[in-house]
Amino acid sequence: MYNNAQTDLEIWQSFLEGNEHALEEIYRGQYSRLYAYGIKFVADKELVKDCIQDLFVKLHCNRKQLRETVNLNTYLIRALKNKLYDSLSAHIDMQDIDALPFDLKAEDSFFTLFSENDEDLLQKHKLQKALEKISPRQRESIYLRFIQELDYEEIGTILEINYQSAKNLVSRTLIKLREIYFES
Amino acid sequence: MYKRSIDNKNKKEFFAKLTEHWLPSIKQYEKNTYCEGENEVWEQIQKGIRANKQRKNRHIVYFIISSAACVLLLFGGIYALINEAGSNKETIELANIPIPDGVKDEITLVTSSHKNLNVEDNSNVTYDKDGSVTVNSRKISPAKSGKTKNEEIAYNQIIVPPGKRTNVFFADGTRIYVNAGTRVVYPTVFAKDKREIYVDGEIFLEVKKDISRPFIVKTDNMNVRVLGTSFNVCSYKQDKESSVVLVSGKVEVQTKSKQKVYLSPDDMFKLNASEFSTRKVDVYNYISWKDGVMKLDAEPLDKVLIKLSRYYGQEILFDKSLASMPISGKLDLRDNLDEVIDIIAETAPITVIQKYNTIYVKGKK
């Protein structure tokens, strides 16, 4: 959806070599997906932006110590998640990073904006209800798969599980969603 | 057999809706919504990178006071917060420093040696780096210590009764305007890693940037941590509602229930019990008191009268039915209270009666 893997890698290496514009290119390509992802964990928009900001300044400062090949899609998302966890866990008791919530609740404006008729609106509310009933980790997996359009390898990296587990997680979540959806 | 075919039909329907219908609109929505702030954040990143480069070049961390430092300050903030969580117990609770006896109608500066000094109204209290303080143009050195180094930190407090105001200039360059009916407690010399004060009442602060020492304003129901520069804190113990109004820079407010809110310029944060909200306001309405002016923009009458009562140190009684009447306009607080109230009465449907040093405000019949 956002970037082609080959060019991603080229930009990354150009950034490591000291090209000043490469970081901006990475940033512009990633900002909205990082922001969209971060806001699922914490409703505080400013905190998410601060963390993104921090992330990119650190990237620049630590440029010389960074790996030469990274998958930008997973690398930055994972870094943002860690950063959010660090700044949140200082205030809220959390056992580990998997205790972070993952909230897919859309604002009301979303429903009214994109719904053509009442039937449509009703179905979206049903889907929303179903999404609320599955676990944060399940929600995160299908969000990464269908909205951020990552592959199972990438989802696995972010959730720290292997390819097969990521695939199973997504497909089981879909079945569960469907069950809940048709129950109601 | 029958059940399976229903399942398959459901499955198909579900996936069809998901992929054809909802996903594109959700993606569109995400794209439209989360591009917000892209340019601003990028500017901050560039500032952060520049500040970092400068730091490397100079090898001196302490003197970066350029505006670019605000980014660093922010990180510093987050890290310091983490550190602080561990060290909380070691710090003496400023709020627990007792209010001394014998403080009445004058502005009183209580020094660490428990000497009470009267301060003239509208004058300045200025601290030097060594903890000595200048009051009414007289310099007072800190209590000479035959004390050991491990002795507890010395605290001062300034108590401003209703009807008076004062300014305190701290040694780090921070200035606070202290409004009427306010008590502020602070160490004579700030700690190396943070600058912490306690407030019961209202102050306006112009905080000097110091990336190595965050400035924290503690009140009974919240902590305001400064990542930037000037803001107003209003938190009277006897009031239900506390507020923070940010003029410039960035602050972080943490409520008693550990919820955290970041404010941007022009934000007003209100806290009532455990409920809080943030909205954009005309900041001058909330800080004009420091210039001797009260600017009101549909402010409820009860709040206006409580503020005036504090500011002038005179009791004002009013009909509860008038409490929510909106008052707008500009009041010159250099006028005396009678004149100010009369000005309100000219535009609002109220009658003012004065009896035995008390002002009664009633509705017009």
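Predicted model only: the values in this text are computed from it and were never measured.

Draft legend 1. Here's a closer look at the overall build of chain B. The secondary structure content of chain B amounts to six helices and 23 strands. Buried residues in chain B amount to 47% of all 365 residues. The contacts of chain B with a sequence gap of at least 6 include a subset with a gap of at least 24, amounting to 49%. For chain B, the accessible surface area stands at approximately 19,200 Å², while carbon and sulfur atoms represent 50% of it.

Draft legend 2. Focus on the interface of chain A and chain B. The interface is formed by 48 residues belonging to chain A together with 47 residues belonging to chain B. For the pair chain A and chain B, the number of links is four salt bridges. On the surface where chain A and chain B come into contact, there are 10 residue pairs in polar contact (both at pLDDT 80 or more). Counting residues per element, the ones that place at least two in the side of chain A that touches chain B are helix 2 (20-38), helix 3 (45-61), helix 4 (72-89), helix 5 (108-114), helix 6 (118-133), helix 7 (136-147) and helix 9 (163-183) of chain A. Its residues assigned to classes, the side of chain A that touches chain B comprises 23 nonpolar, seven polar and 18 charged.

Draft legend 3. Representation of the nonpolar core in the model. Counting 67 residues, the largest nonpolar core has W12, F15, Y37, I52 and F56 of chain A as the members making the most contacts within it. Setting aside chain neighbours within four positions, we find W12 of chain A in contact with I26, L59, L66, R67, E68, T69, V70, L72 and Y75 of chain A. L109, V133, I197 and V224 of chain B belong to the second-largest nonpolar core, a separate cluster that totals 38 residues.

Draft legend 4. Quick peek at the sheet that holds strand 20 (residues 316-318) of chain B. Residue and element names in this part refer to chain B. The strand order across the open sheet built from three strands is 20-23-22, with neighbouring strands paired in mixed fashion. Because the sheet does not close on itself, it has two edges, and the strands there are strand 20 and strand 22 (350-355). Direction aside, the axes of adjacent strands within the sheet are offset by 25 degrees on average. Note that strand 22 and strand 23 (residues 358-363) share six bridges and pair antiparallel. By the bridge assignment, T351 is partnered in strand 23 with K362. Those strands touched by helix 5 (residues 301-312) are strand 20, strand 22 and strand 23, and its axis lies near 165 degrees from that of strand 20.

Draft legend 5. Helix 2 of chain A, seen in detail. All names here are of chain A. The terminal C-alpha atoms of helix 2, which comprises 19 residues, lie 26 Å apart, in line with the 27 Å expected from a rise of 1.5 Å per residue. Of all the bends in helix 2, the greatest, near 45 degrees, is centred on Q30. Judged by how many residues are buried, helix 2 sits mostly within the fold: 14 of 19 residues are covered. For helix 2, the N-terminal cap is N19; the gap from its side-chain oxygen to the backbone nitrogen of H21 is 2.8 Å.

Draft legend 6. Examining a negative patch on the surface more closely. On the surface, D338, E339, D342 and E346 of chain B cluster together into a negatively charged patch. Locating E339 of chain B in the fold gives a position in helix 6 (residues 337-347).

Draft legend 7. The arrangement of the confidence of the model for chain A in detail. Looking at chain A as a whole, its pLDDT mean stands at 83, while 87% of the residues score no less than 70. Per-residue pLDDT, averaged within each element of chain A, yields its smallest value for helix 5 of chain A (56) and its largest for helix 8 (residues 152-159) of chain A (93).

Draft legend 8. How the structure looks around empty space enclosed by the protein. Under the definition given, this model contains two cavities of 30 Å³ or more. Estimates place the volume of the largest cavity at around 40 Å³. Along the walls of the largest cavity sit N285, Y286, K295, L296, D297, E299 and K307 of chain B, which together make up its complete lining. Looking at the lining of the largest cavity, the elements that each hand over two or more residues are helix 4 (284-287) and strand 19 (293-300) of chain B. No other element matches the four residues that strand 19 of chain B contributes to the lining of the largest cavity. In the lining of the largest cavity, the residues fall into two nonpolar, one polar and four charged. The calculated volume of the second largest cavity comes to roughly 30 Å³. Of all the secondary-structure elements, those providing two or more residues to the lining of the second largest cavity are helix 9 of chain A together with helix 1 (2-33) of chain B. Here the lining of the second largest cavity takes four residues from helix 1 of chain B, the largest share from any one element. Grouping the constituent residues of the lining of the second largest cavity by class yields four nonpolar, no polar and two charged.

Draft legend 9. Looking closely at unusual backbone geometry. Even without being glycine, E160 of chain A reaches a positive phi, approximately 60 degrees. By secondary structure assignment, the location of E160 of chain A is in the loop between helix 8 and helix 9.

Draft legend 10. Layout of the confidence of the model for chain B. Residues and elements named next belong to chain B. Mean pLDDT over chain B: 77, with 81% of residues reaching 70 or higher. Predicted confidence for residues 58-91 stays below pLDDT 50, and this span has 53 contacts to residues more than four positions away or in other chains. Taken together, the stretch residues 145-151 has pLDDT below 50 and engages in zero contacts with residues farther than four places along the chain or on a different chain. Both scores are given for the predicted complex: the pTM is 0.48, the ipTM 0.86.

Draft legend 11. Structural context of the environment of N221 of chain B. Residues and elements named next belong to chain B. With respect to the helices and strands, the residue N221 is situated in the loop between strand 11 (215-218) and strand 12 (222-226). For N221 and Q254, which are 33 residues apart along the polypeptide, the C-alpha to C-alpha distance reads 8.8 Å. Within the structure, the side chain of N221 is placed 3.0 Å from the side chain of T219, a separation counted as a polar contact.

Draft legend 12. Seen up close, the packing of aromatic side chains. Following the criterion strictly, the structure yields 21 aromatic pairs over all chains and no others. Taking the centre distance of 5.1 Å and the plane angle of 85 degrees together, the rings of Y181 of chain A and F182 of chain A count as edge-to-face. F182 of chain A gets classed as partly exposed once you look at its relative accessible area, which sits at 27%. Each residue in the set Y27, Y31, Y35 and F56 of chain A together with Y34 and W42 of chain B is aromatic and connected to the rest through ring pairs, giving one cluster. Positioned above the aromatic ring of Y311 of chain B, the side-chain terminus of R165 of chain B is 3.4 Å from the ring centre. Just above the ring of Y177 of chain B sits the side chain of K290 of chain B; from NZ or CZ to the centre is 5.2 Å.

Cut-offs and rules
Residues numbered from 1 in each chain as written. Chains lettered and ligands numbered in written order. Predicted model: local features only at pLDDT ≥ 70, side-chain atom pairs only at ≥ 80, totals over all residues. Heavy atoms only, no water. Helix = DSSP H or I, 4+ residues; strand = E, 2+ residues; numbered from the N terminus. Buried < 20%, exposed > 50% of the residue type's maximum accessible area, 1.4 Å probe, protein only. Contact = heavy atoms within 4.5 Å. Areas by Shrake-Rupley, 256 points an atom, 1.4 Å probe, with all protein chains shown as cover. Salt bridge = Lys/Arg side-chain N within 4 Å of Asp/Glu carboxyl O. Polar contact = N/O pair within 3.5 Å; in protein donor to acceptor, adjacent residues only side chain to side chain. Nonpolar A, V, L, I, M, F, W, Y, C, P; charged D, E, K, R; others polar. Core = buried A, V, L, I, M, F, W, Y, C linked by side-chain atoms within 4.5 Å. Pairing = 2+ DSSP bridges. Axes fitted to C-alpha atoms, helices over the stretch in contact; angles between N-to-C directions. Expected span 1.5 Å × (residues − 1). Bend = angle between axes of the 7 residues up to and from the residue. Patch = residues over 30% accessible without salt bridge, like charges linked within 9 Å, V, L, I, M, F, W, Y side chains within 5 Å. Lys, Arg positive; Asp, Glu negative; His and termini not counted. Charge placed at Lys NZ, Arg CZ, Asp CG, Glu CD. pLDDT = per-residue confidence, 0-100. 1 Å grid on protein atoms, 1.4 Å probe; cavity = no way out; pocket = protein on both sides within 12 Å on 5 of 7 lines; lining within 4 Å. Points joined across faces, edges and corners; volume = space filled by probe spheres on them. Phe/Tyr/Trp six-rings, centres within 6.5 Å; stacked < 30°, edge-to-face > 60°. Lys NZ or Arg CZ within 6 Å of the ring centre and 35° of its normal.

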